[in-house]
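Spelled out from the first residue to the last, the chains are:
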Amino acid sequence: YIAGMSVSLYDSNLISKTVIKQYEKGFIASAKKLMENNKEDIEENAYNYYDWIRMLGIINSTESNSLLKKFSQFNNRDIRLRTIIALLTNNQPVDSRIIYTLATTDEYRHDLYDELKKIARLSLFPAQYRSQKELGKSKVYMYATDEESPGLITHAGERIVSYKGKQQKFYLYK
């Protein structure tokens, strides 16, 4: 819980990076212990570890970036997405295959695009998935997902209609 609280305080500008860096050794030791003892849980319950990934990214030291690289080796795509964004934010190299894999999935494509855009690294996003059609498909997937994923979403056509006084292209999916 301490990582989550610290990240929330940091994101709200209530504590500074300097304060977090004062406790770097403790955060890193705790993150190492979590990784050693909870590998299966990390794969199955990724959301419990998002704050740890964010904290390691904020710390941005050789040791924290090394732990982030280890997190990026998990199979869980949520973990991989958050980890590569933290690494790229810290100007660390990432495996381009992870970016490609995330971009190919309807579930992660739009989030990956948005996160890369925020950190000015869109050049890493695969060109064949950078179209409105592919990003729209991913967004529809996100909206259609509730407790269960919607399965296959297919492109059903395009329509050009007047919208807000302009001719606009709309992509349709089913």
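This section reports on the structure supplied with the text.

Moving on, we get to the environment of Trp52. Considering the arrangement of structural elements, one finds Trp52 in helix H5 (residues 50-59). Residue Trp52 is classed as buried on the basis of its relative accessible area of 11%. For the pair Trp52 and Thr89, spaced 37 residues apart in the sequence, the C-alpha separation amounts to 15 Å. Those residues in contact with Trp52 that lie beyond four places of it in its chain are Ala3, Phe27, Ser30, Ala31 and Leu34.

Membership of the largest hydrophobic core comes to 25 residues, with the highest contact counts inside it found for Ile42, Leu56, Phe71 and Ile79. Among the secondary structure elements, those contributing two or more residues to this core are helix H1 (2-11), helix H3 (24-37), H5, helix H6 (62-71) and helix H7 (77-89). Take this core: its biggest share by element is seven residues, from H5. Grouped together as the second largest cluster of nonpolar side chains are 15 residues, Ile85, Tyr108, Tyr113 and Leu116 included.

To continue, consider the packing of H5 against H6. Following both chains from N to C, one finds H5 and H6 inclined at 145°, their axes separated by 8 Å at the closest point. Note that H5 runs across H6; the crossing there is left-handed. Together, Ile53, Leu56, Gly57 and Ile59 of H5 and Ser64, Leu67, Leu68 and Phe71 of H6 make up the contact between the two elements. Tallied by class, residues from the contact of H5 with H6 come to six nonpolar, two polar and no charged.

Next up on the list: the pairing of strand E1 (residues 155-163). Both E1 and strand E2 (residues 166-173) contribute to a ladder of eight bridges, which runs antiparallel. Counterpart to Ser162 in the pairing with E2 is Gln167. In textbook terms, the turn of a hairpin is the stretch between consecutive antiparallel strands, and for E1 and E2 this stretch comprises two residues, one of which, Lys164, has a positive phi near 55°.

Right, let's get into the environment of Thr104. Locating Thr104 in the fold gives a position in helix H8 (residues 96-104). With relative accessibility at 29%, the residue Thr104 sits in the partly exposed group. In sequence terms Thr104 and Ser72 are 32 residues apart; their C-alpha atoms lie 17 Å from each other. Beyond its immediate stretch of four places on either side in the chain, Thr104 contacts Arg109 and Tyr129. Within the local environment of Thr104, its side chain forms a polar contact with the backbone oxygen of Thr101, the two atoms lying 2.7 Å apart.

Reading the values: the criteria
Residues numbered from 1 in each chain as written. Predicted model: local features only at pLDDT ≥ 70, side-chain atom pairs only at ≥ 80, totals over all residues. Heavy atoms only, no water. Helix = DSSP H or I, 4+ residues; strand = E, 2+ residues; numbered from the N terminus. Buried < 20%, exposed > 50% of the residue type's maximum accessible area, 1.4 Å probe, protein only. Contact = heavy atoms within 4.5 Å. Core = buried A, V, L, I, M, F, W, Y, C linked by side-chain atoms within 4.5 Å. Axes fitted to C-alpha atoms, helices over the stretch in contact; angles between N-to-C directions. Left-handed = near helix turned anticlockwise from the far one by under 90°. Nonpolar A, V, L, I, M, F, W, Y, C, P; charged D, E, K, R; others polar. Pairing = 2+ DSSP bridges. Polar contact = N/O pair within 3.5 Å; in protein donor to acceptor, adjacent residues only side chain to side chain.

Take it as geometry only, folks, not as evidence of what the structure does.
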